[in-house]
Amino acid sequence: MEPLLAMQGIIKRYPGVLALSGVDFTLQAGEVNCLVGENGAGKSTLIKVLSGAIVRDAGSIRIEGNEAHLDSPADAQRLGIGVIYQDFKLVPALTVAENILLGTEPVVGRSPFIDRKGMDEKASAALGLLGEEIDTRSPVGHLSVAKQQMVEIAKALSRNVRILAMDEPTAPLTEWETANLFKVIRSLKDRGVGIIYISHRLEEIFEVGDRVTVLRDGAFVHACGINEIDRRGLIRKMVGRELENEYPRAVLARGTEILRIENLSSDRVSNVNLTLYRGEVLGLAGLVGAGRSELARLVFGADRRTGGRIFLDGKEIAPESPHEAIREGIGLLTEDRNRYGLIMQMSIRENISLSSLRAMLTGPFIDRRKEETAARQLSDDLRIKAPDTGVIVENLSGGNRQKVVLARWLNTKARVLIFDEPTAGIDVGVKYEIYTLINRLAREGIGVIVISSDLPELLGICHRVAVMCEGELTGIVEGTEATQETVMTYAHKNRR
Amino acid sequence: MTSDRITRKLSGEFGIGIAFILEFALFAFASPYFFTPDNLLNVSLQASITAIIAAGMTFVILTGGIDLSVGSLVAFAGIVATSLLKTGLPPAAGFAVAIVTGLAIGALSGAFAGFCITRFNIAPFIVTLATMTIWRGAAFVWTDGRPVWELPEGFAFLGTGRILAVPVPTIIMILTFIASHVMLTRTRFGRYVYAVGGNIEAARLAGIRTGRVLINVYILSGALAALSGILLASRMNSGQPNAGVAYELDVIAAVVVGGTSLSGGAGSIVGTFIGAMLIAVLRNGLNLLNVNSYVQQVIVGVVILLAVMLDQIRRKRK
């Protein structure tokens, strides 16, 4: 039988870059084919070609054996191809039903008026296929991220999608929501939809995938059934070499206290007590929404404190803004580097120096030579891949962008650095580099806190893991006794 | 690699620069009088009033904001300065008090607008729409709708005088642009302006006091509008309550034609300078060619649209 989708020899060139060099990809009806590879491997480009967002330079695309004419998003929609992007393409102010039927609204008879009742019925039907009950009249902007994702999937279903690509769909979801998404994916499979699943979380790929296709540097590397490969083998295919140890943990002696917080509270965090020592990497675990990022933002002065005290090297500090926190020597690598970390239109150099311009001055002017020297040194040190430091960060891959933010904080000479989801959406090779860097910082005597939703990662690199649940600190687990089970027990402690 | 860097540097103002040179060549070819020192100095004088305001507006627009109050501030600062000239102080002291107070009014207005924007989180468009109305009204209230006449000898020098044949407003404009360019490209404040316009939350989390940056750009815009108001009053040798009506639109046009993005984060002072000159040269050239003034408006509008379209196409290509 002809496969549902067969892409062959897909080539896409950008000025100076061969983004896809003859990639093959096949998808059967009713299967989940996971597309994996490091950042810059060409996964997103391939999906963009499939969605008609960009036009391929060469190669053929066949759907059920027929050559597909695919030059625009409209073509893709006509062919039954849907893509769920990380940032949803929904209109927040419109209702659920309006979003699902956007552009395909039913009308009353032949009048120009929208049939509101018909709309609600159609939208409910599409949601019903997913086993979702969402009020079709509430504005999409009021829904949780997980519900918005369901609306996005329902929207694709209402357009009779046969091929559905999902780009990192679980990144913003809690564990429970992820389980629900997988249930939906399985029911879509039963309906004969072919699913292309992109994720950096390898556990998910083994849980939900039927087949896996590996890309590296824009080229097809490997494709096989999910049962024919193990985690280690998959990483080897992605990276192109053997990674001796996925999580390097430094053996360190715990030193003196560097940061202590007492009864720290805000509207999202209640009465947290925590001490951080030199020479350790302290993990902060918990479910999404447990208050980990909020705790970090409190220490960093980004949110309003309602109570509690913070001591840095024994001296009380009370940062009222990030500006003050940085002057005291605290740095926060925020989650979602694109939204909260980088100034996209600025160069690597300008992004690196942004928090330490005071040190780059000669008189009232920024000394370009000092700035360039610092930026060059850090970008060499962290192996940021770019021809020079004048490259605009928008043109960098996710891993390199994260390194730019890292470089910025290293340049501030912070005494305490908090990393919020430092490896989200980053490929295995760069993850390893970031772990190594975190270890190096701890060894140099900088206090390091790492927040991560990737539990194996936290257990792999941290010496102690503090666990939060619903704004409270529910437990601290020593590295030797830390297991996924103990951490998850604390993470659910306050829940019924 | 180096050539790559140079193109990156130039690409911002490249398109508009070419357009400007073409326009220049076209008028020089069509009118024998156009390319004479007299005429070019004249163009610079005509451009100076809005160009000076446009320098300040560039900072505001770079942060993603807008300042609609500049036209009204031209009038109000002019009125206040000219009124103070008539208090009977000795000339030197009188001039100083008048000019400093005029500038201070602009700066205070900007500080007030910036405060409302940052503290109460009101859109810049709304806040400066309000201050625009307030200052225009204040100018009429202060003068009872009548111009301030009979100014002391010497005040007219600011707006009409020449130093080595170069009009004083032209010199002030050039100094303003040099200072603005240096401020924007070489100081921390300038860098922060781009950062705030590019991503205000990321800028705050990088330790930038974003509120302070915003207030400062409105202070700068207000002060430069006031400076222009004083120059205009000097040139007309009177304070006019209806001076500078709709200047904000000419100013925004110059900034936007110069390639600064209304959504903030991208643009330059050099671009604004070329943008202001492009529009001034266009008006001058059309005058020399005896183009009907109604038709001129149509042409200027079309050129603004074309310039911005070209810029968009160039950005897309990248």
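Think of each chain on its own: its residues are numbered from 1, step by step along the sequence as written. Think of it this way: whatever chain is written first is A, whatever ligand is written first is 1, and the rest follow in order. Predicted model: local features are reported for residues with pLDDT of at least 70 only, side-chain atom pairs are reported and counted for 80 or more only, and whole-chain, interface and lining totals are derived from all residues. For the side-chain quantities, the full set of heavy atoms in the structure was used; hydrogens and water were omitted.

Visitor: Which parts of the structure should I look at to understand the overall build of chain B?
Guide: Starting at the N terminus, helices and strands are each numbered in turn, a helix being any DSSP run of H or I of at least four residues and a strand any DSSP run of E of at least two. Helix and strand counts for chain B stand at 13 helices and two strands. Radius of gyration (C-alpha) of chain B: 20 Å, near the 20 Å computed for a compact globule of 318 residues. Burial classes: relative accessible area under 20% of the type maximum marks a residue as buried, over 50% as exposed, and values in between as partly exposed (1.4 Å probe, protein chains only). In chain B, buried positions account for 51% of the 318 residues. Two residues qualify as a contact provided that any one of their heavy atoms is within 4.5 Å of a heavy atom in the partner residue. When contacts within chain B are restricted to residue pairs at least 6 apart in sequence, those whose partners lie at least 24 apart make up 79%. Roughly 14,400 Å² of accessible area belongs to chain B as shown, and the carbon and sulfur atoms make up 70% of that amount. Radius of gyration: C-alpha atoms only; globule rule: 2.2 Å multiplied by the number of residues to the exponent 0.38. Areas reported here follow the Shrake-Rupley algorithm with a probe of radius 1.4 Å; residue values treat only the protein chains shown as occluding.

Visitor: Mind showing me how you'd approach helix α5 (residues 145-158) of chain A here?
Guide: In an α-helix, one turn spans 3.6 residues; hence positions three or four apart end up facing the same way. All names here are of chain A. Helix length check: α5 (14 residues) gives 20 Å between terminal C-alpha atoms against 20 Å at 1.5 Å per residue, within 8%. Considered for burial, the residues of α5 that qualify are A146, Q148, Q149, M150, V151, E152, I153, A154, K155, A156 and L157. Those residues of α5 that are buried are in contact with β6 (81-84), α3 (96-100), α4 (116-129), β7 (163-167) and α6 (175-190). Here a helix's expected span is defined as the number of its residues, less one, multiplied by 1.5 Å.

Visitor: Help me understand the packing of helix α4 (residues 91-119) of chain B against helix α10 (residues 210-236) of chain B, please; the structure alone is not making it clear to me.
Guide: Between two packed helices, the angle of one axis relative to the other and the distance separating the axes together describe the packing. Residues and elements named next belong to chain B. Two numbers describe how α4 lies on α10: the axes approach to 7 Å, and their chain directions differ by 145°. Crossing angle aside, the handedness with which α4 passes α10 is right-handed. Residue-level contacts link I99, G102, L103, G106, A107, G110, A111, G114, F115, I117 and T118 of α4 to G211, L214, I215, Y218, I219, G222, A223, A226, L227 and I230 of α10. Throughout, the ten residues Ala, Val, Leu, Ile, Met, Phe, Trp, Tyr, Cys and Pro are labelled nonpolar, Asp, Glu, Lys and Arg are labelled charged, and all others, Gly among them, are labelled polar. For the contact of α4 with α10, the class distribution of residues is 14 nonpolar, seven polar and no charged. Working convention: axes come from line fits to C-alpha atoms, limited for helices to the stretch in contact. Angles between N-to-C directions cover 0 to 180 degrees. Here is the rule for handedness: rotate from the far helix to the near one, and if that takes an anticlockwise turn smaller than a right angle the crossing is left-handed, while a clockwise turn gives right-handed.

Visitor: It is not clear to me how the sheet that holds strand β20 (residues 447-451) of chain A should be interpreted in this structure. Could you clarify?
Guide: The strands making up a sheet are joined through hydrogen bonds of the backbone, oriented either antiparallel or parallel. Residue and element names in this part refer to chain A. Strand pairing requires that DSSP identify at least two bridges connecting the strands. In space, the six strands of this open sheet follow the order β16-β19-β20-β13-β21-β22, with mixed pairing throughout. Of all the strands in the sheet, just β16 (330-333) and β22 (472-478) have a single pairing partner and so form its edges. Between one strand axis and the next, the sheet turns through 20° on average, direction left out of account. Sitting on the sheet, helix α15 (residues 428-443) touches β13 (281-285), β19 (416-420) and β20, and the angle it makes with β20 is about 150°.

Visitor: Just checking my understanding: could you explain the confidence of the model for chain A for this structure?
Guide: Should pLDDT be low for a region, the predicted coordinates there are not to be read in detail. The predictor reports its confidence for every residue as pLDDT, a score running from 0 up to 100. For chain A, per-residue confidence averages 89 on the pLDDT scale, and 98% of positions sit at 70 or higher. Confidence, read as mean pLDDT per element, is least for helix α17 (residues 484-491) of chain A in chain A (82) and greatest for helix α12 (residues 348-353) of chain A (96).

Visitor: Sorry, what's going on with the interface of chain A and chain B here?
Guide: Chain A puts 35 residues into the contact, and the matching count from chain B is 25 residues. Both faces combined, the contact of chain A with chain B buries some 2,500 Å², and carbon together with sulfur accounts for 54% of it. Whenever a carboxyl oxygen of Asp or Glu lies within 4 Å of a side-chain nitrogen of Lys or Arg, that contact is scored as a salt bridge. Put simply, chain A and chain B have three salt bridges between them. The partner of E350 of chain A in a salt bridge is R191 of chain B, with the nearest N and O atoms 3.7 Å apart. Any N or O atom pair separated by 3.5 Å or less is treated as a polar contact, with the protein-specific requirement of one donor-capable and one acceptor-capable atom, and with residues adjacent in sequence counted only for side-chain atom pairs. Taken together, the links from chain A to chain B amount to nine residue pairs in polar contact (both at pLDDT 80 or more). Looking at the side of chain A that touches chain B, the elements with two or more residues in it are α10 (322-328), α11 (337-341), α12, β18 (365-366), α13 (368-381) and α14 (398-411) of chain A. Residue contributions to the side of chain A that touches chain B peak at four residues, all from α11 of chain A. Partitioned by chemical class, the residues of the side of chain A that touches chain B number 17 nonpolar, eight polar and ten charged. As used here, buried area is the combined drop in accessible area, with a 1.4 Å probe, of two parts when they are placed together.

Visitor: Is there a simple way to think about the nonpolar core in this case?
Guide: Among soluble globular proteins, nonpolar side chains are generally buried collectively. Note on terminology: a nonpolar core comprises buried Ala, Val, Leu, Ile, Met, Phe, Trp, Tyr and Cys residues joined through side-chain atoms within 4.5 Å. Counting 96 residues, the largest nonpolar core has F59, V193 and I208 of chain B as its most contacted members. Ignoring any residue separated from it by four or fewer positions in sequence, one finds F59 of chain B in contact with S180, M183, L184, F189, V193, V217, L220 and I269 of chain B. Counting 78 residues, the second largest nonpolar core, distinct from the first, contains I352, L382, L396 and I451 of chain A.

Visitor: Just to check I follow, could you spell out a positive patch on the surface for this structure?
Guide: Like-charged residues within 9 Å of one another, or nonpolar side chains (Val, Leu, Ile, Met, Phe, Trp, Tyr) within 5 Å, are grouped into patches, provided each residue has over 30% relative accessible area and no salt bridge. A positive count includes Lys and Arg, and a negative count includes Asp and Glu. His and the chain ends are not counted in either. For charged residues, the charge sits on one atom: NZ in Lys, CZ in Arg, CG in Asp, CD in Glu. Together, R327 and R358 of chain A together with R209 and R212 of chain B make up a region of like positive charge exposed at the surface. Among the secondary structure elements, R212 of chain B is positioned in helix α10.

Visitor: I tried to follow α10 of chain B on my own but got confused; where do I start?
Guide: Residues and elements named next belong to chain B. With 27 residues, α10 should reach 39 Å at 1.5 Å per residue; the first-to-last C-alpha distance of 39 Å fits that figure. Counted residue by residue, α10 has 19 buried out of 27 residues, so it is predominantly covered. Trailing α10 by a residue or two, N237 shows a phi angle of about 50°, which is positive.

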